[in-house]
Amino acid sequence: MSGLDGIPVRIEAPEFDGEDVLTGMADALMREIHAHLVNLHERGESHTIDLKGLPLTEADRRQLREALGRGEVSMTVEAAGPTEVYETAYAGVWWIDYQNLLGSTALTHIEIARVPAIAPTHPEDIADALQRLGEALNDREPQTDNPPTD
Amino acid sequence: MHQGKTPETLGEELRRRGMSRRTFLKFCAAVASSMALPATMAPVMAEALAKARRQSVIWLSFQECTGCVESLTRSYAPTLESLIFDFISLDYQHALQAAAGHQAEEAREAAMKEHWGKYLVIVDGSIPLKDGGVYSTVAGETNLDTLRHVAEGAAALISVGTCAAYGGLPKAHPNPTGAAAVTDIIKDKPVINVPGCPPIPEVMTGVIANFLTFGRLPEMDALHRPIAFFGDTIHDRCYRRPFYRRGQFAKRFDDEGARNGWCLYELGCKGPVVHNACATTKWNQNLTFPIQSGHGCIGCSEPDFWDKGSFYAPLSTGRWGSAEGIALAAAVGTTVGIGSALLSRARQSDIIRKG
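How each quantity is defined
Residues numbered from 1 in each chain as written. Chains lettered and ligands numbered in written order. Predicted model: local features only at pLDDT ≥ 70, side-chain atom pairs only at ≥ 80, totals over all residues. Helix = DSSP H or I, 4+ residues; strand = E, 2+ residues; numbered from the N terminus. Rg over C-alpha atoms; globule rule 2.2 N^0.38 Å. Buried ≥ 20, exposed ≤ 12 C-beta atoms within 10 Å, placed from the backbone. Arc of directions from axis to C-beta. Pairing = 2+ DSSP bridges. Axes fitted to C-alpha atoms, helices over the stretch in contact; angles between N-to-C directions. Contact = placed C-beta atoms within 7 Å. Domains from an automatic or database assignment. Nonpolar A, V, L, I, M, F, W, Y, C, P; charged D, E, K, R; others polar. Core = buried A, V, L, I, M, F, W, Y, C linked by C-beta atoms within 7 Å. pLDDT = per-residue confidence, 0-100.

Chemist: Break down the overall build of chain A for me, with residues and values.
Modeler: A count of helices and strands for chain A gives three helices and five strands. Taken from the N to the C terminus, the helices and strands of chain A come in the order α-β-α-β-β-β-β-α. In terms of overall dimensions, chain A is more spread out than a globule: its C-alpha atoms have a radius of gyration of 24 Å, far above the 15 Å expected for 150 residues. For chain A, the spread of C-alpha atoms along the three principal axes comes to 100 × 40 × 25 Å.

Structure follows, in structure tokens:
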């Protein structure tokens, strides 16, 4: 082993103090997002960042959200409670806010992808919809103001 | 029950009830997040879950107060975690089942037979051993015999709550019933402990969901606890750590320090030596935990917490370990904030590497 172990290291954690302080996490995350966006652009690789496990203060979260801004797309997914999704001002960077049935946030993801994982319809759901639509069409009387004369 | 066709997968069943695959994804995102699994695992877990069949679960309640069941079921609004009840078939559970008497016991036997080797057994409450185990019996059978009998066909067992995990309150001195933990009795099946008095509901759900999606119990420490939830101590992740570091301690529950949210070490907080997810996952859907509400940690997820001295005497004066060990746990360990996040990231890349 090299002599690296002999170097004394002290980890300085930011003071939380109950006050809402900026810790610099937002900057760090912006750089991480940039790195993932490079991967998306060059190799089509998607990535998801889970904000819940990170030591973000409220101030950090606000700063991050402001820095990312909002883009063209906004959607709400109603599945076991609402999920708010929007594309940020940076195309390919999405903000996903999973909420429980009371509307409070359960978890938050930042997805770097062409489209977030929760948006596209799953093939199984399409198969089910196809069957239901087929049945509905079979049950349907022709809808017209001019019924065919006999 | 069997009509000669293969049972539905969870995907088929939930779609029939109007729940799309997006529901699976959301549930798995929540579970992955609570277990510090990479967020990119959520779609993979969702696929696996949709292909699974309802997991048969037999819940055995022994010398318990039902607090663990209450913790799991009494959220004031349906949570993402409560979806777990849509993914399991709770074939036997005293508090929740409709059947009673012989019917209930027959239902249990039928479920065991149908899913032999594949059902999960959840146990809450300790098992009395003294005098042949007569101090707790159900349907004329001692808890000891029931546990052994039901465990025979189990895929795995989950000891929910400190009673099942370590003996709990019934084991408190002088332990009149000879209360024992599940791991004292079952030696030939995988057993995971989810201690806590009660355990945090998200922890219980996370362990069950892990079993459903990966087909195995999550990684455990030496005390059979899932490392994802019990890897850190309360002190490691406590938001009052800066006060501890600056030596700002509340000395009474109504003094200025207490009102300003200072460290509760001198009022008996056992945080430095207690492993649980209370400081991060918290309680009541991430609302608060004892320290945040002004009371020190009593160590309810550790063995013998009830016999280790007063809840209100400082750590160093009780029977929680040597003075040196406590000083080490209090001062070192992972630091609050970025240090802990790095630890969790390291765990993540480890998981990705192991596949």
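Chemist: An account of helix α7 (residues 143-151) of chain B is needed here, citing residue identities and associated values.
Modeler: Taken as a whole, α7 of chain B has its buried residues at Asn143, Leu144, Thr146, Leu147, Val150 and Ala151 of chain B. End-on view of α7 of chain B: buried residues confined to an arc of 165°, all on one side of the axis.

Chemist: Can you explain the sheet that holds strand β4 (residues 93-99) of chain A? Please cite residues and give values.
Modeler: Residue and element names in this part refer to chain A. Spatially, five strands are ordered β1-β5-β4-β3-β2 in an open sheet, and the strand pairing comes out antiparallel. Each of the sheet's edge strands pairs with one partner strand only, and the pair in question is β1 (47-50) and β2 (74-78). Neighbour-to-neighbour, the strand axes of this sheet turn through a mean angle of 20°, independent of strand direction. Examined bridge by bridge, β2 and strand β3 (residues 82-87) share five bridges and lie antiparallel to one another. Within β3, the residue paired with Thr76 across the bridge is Glu84. Its contacts with the sheet place helix α1 (residues 25-43) against β1, β4 and β5 (105-112), and it is angled at close to 50° to β5.

Chemist: Explain the domain arrangement of chain B to me, and be specific about the residues and the numbers.
Modeler: All names here are of chain B. You can read the domains of chain B as domain 1 (53-230) and domain 2 (235-343). Contacts between the two partners involve 16 residues from domain 1 and, on the opposite side, 13 residues from domain 2. Within the residue set of the side of domain 1 that touches domain 2, elements represented by two or more residues are α8 (161-166), α10 (201-214) and α11 (227-230). Residue composition of the side of domain 1 that touches domain 2, by class: nine nonpolar, five polar and two charged.

Chemist: Tell me about the sheet that holds strand β1 (residues 55-61) of chain B, and name the residues and values.
Modeler: Whenever strands of a sheet pair, they do so through backbone hydrogen bonds, lying parallel or antiparallel. All names here are of chain B. Taking strand neighbours across the sheet as the criterion, the five strands line up as β2-β1-β3-β7-β9 in an open arrangement whose pairing is parallel. Every other strand in the sheet has two partners, leaving β2 (88-92) and β9 (191-194) as the edge strands with one partner each. Along the sheet, successive strands turn relative to each other by an average axial angle of 25°, direction set aside. Relative to strand β3 (residues 119-124), β1 is paired through five bridges, and the arrangement is parallel. Bridge pairing links Ile58 to Val121 in β3.

Chemist: Could you give an account of the pairing of β3 of chain A, naming the residues involved and the relevant values?
Modeler: All names here are of chain A. Side-chain alternation along β3 places Thr83, Val85 and Glu87 on a buried face and Pro82, Glu84 and Tyr86 on a face that remains uncovered. What sits between β2 and β3 in their antiparallel hairpin is a turn of three residues, with Ala80 showing a positive phi close to 55°. For β3 and β4, the ladder comprises five bridges, and the chain directions are antiparallel. Paired with Glu84 across the two strands is Asp97, which belongs to β4. Between β3 and the antiparallel strand that follows it, β4, lie five residues; Gly92 among them carries a positive phi value of about 95°.

Chemist: How would you explain the nonpolar core if you had to name every residue and give the values?
Modeler: Residues and elements named next belong to chain B. Grouped together as the largest cluster of nonpolar side chains are 115 residues, with contacts concentrated most on Cys28, Ala32, Ile58, Val121 and Val123. In terms of residue count, helix α2 (residues 21-34) provides more of this core than any other element does, eight residues in total. Structurally, this core is a two-domain feature, drawing no fewer than three residues from each of domain 1 (53-230) and domain 2 (235-343). If we ignore the near neighbours within four places in the chain, the residues touching Val121 are Ile58, Leu60, Val150, Ala151, Ala154 and Leu157.

Chemist: Help me get a handle on the confidence of the model for chain A, residues and values and all.
Modeler: Atomic detail in the predicted coordinates should be set aside for any region of low pLDDT. Taken as a whole, chain A shows an average pLDDT of 87; of its residues, 90% reach a score of 70 or greater. Between the elements of chain A, mean pLDDT differs from a low of 91, seen in β5 of chain A, to a high of 96, seen in α1 of chain A.

Chemist: I'd like a rundown of the environment of Thr288 of chain B, residues and numbers included.
Modeler: Residue and element names in this part refer to chain B. Summarising the element assignment, Thr288 is placed in the loop between α13 (256-259) and α14 (323-331). Separated by 10 residues in the primary sequence, Thr288 and Cys278 place their C-alpha atoms 8.4 Å from one another. Aside from chain neighbours lying at most four places away, what touches Thr288 is Lys282, Trp283 and Ser293.

Chemist: Can you break down unusual backbone geometry residue by residue, with the values?
Modeler: All names here are of chain B. Geometrically, the link from His173 to Pro174 is a cis peptide bond, its omega value of 5° lying close to zero. Its location among the elements puts Pro174 in the loop between α8 and β8 (179-180). Cis rather than trans, the peptide bond between Cys197 and Pro198 has omega equal to 0°. Residue position: Pro198 is located in the loop between β9 and α10. Located in the positive-phi region is Asp131, a residue other than glycine, with phi close to 55°. With 10 C-beta atoms counted inside 10 Å, the residue Asp131 sits in the exposed group.

Chemist: Report on the confidence of the model for chain B, specifying residues and quantitative values.
Modeler: All names here are of chain B. Residues at a pLDDT of 70 or more form 91% of chain B, whose mean pLDDT is 87. Averaged pLDDT values over the elements of chain B bottom out at 44 in helix α15 (residues 338-354) and peak at 98 in strand β4 (residues 127-128). Segment residues 333-348 is flagged for pLDDT under 50; beyond a separation of four residues in sequence, or across chains, it makes 33 contacts in the model. Predicted confidence is poor over residues 351-355, with pLDDT under 50, and the contacts of this stretch with residues over four places away or in other chains come to three contacts. The ipTM assigned to the predicted complex is 0.79, against a pTM of 0.82.

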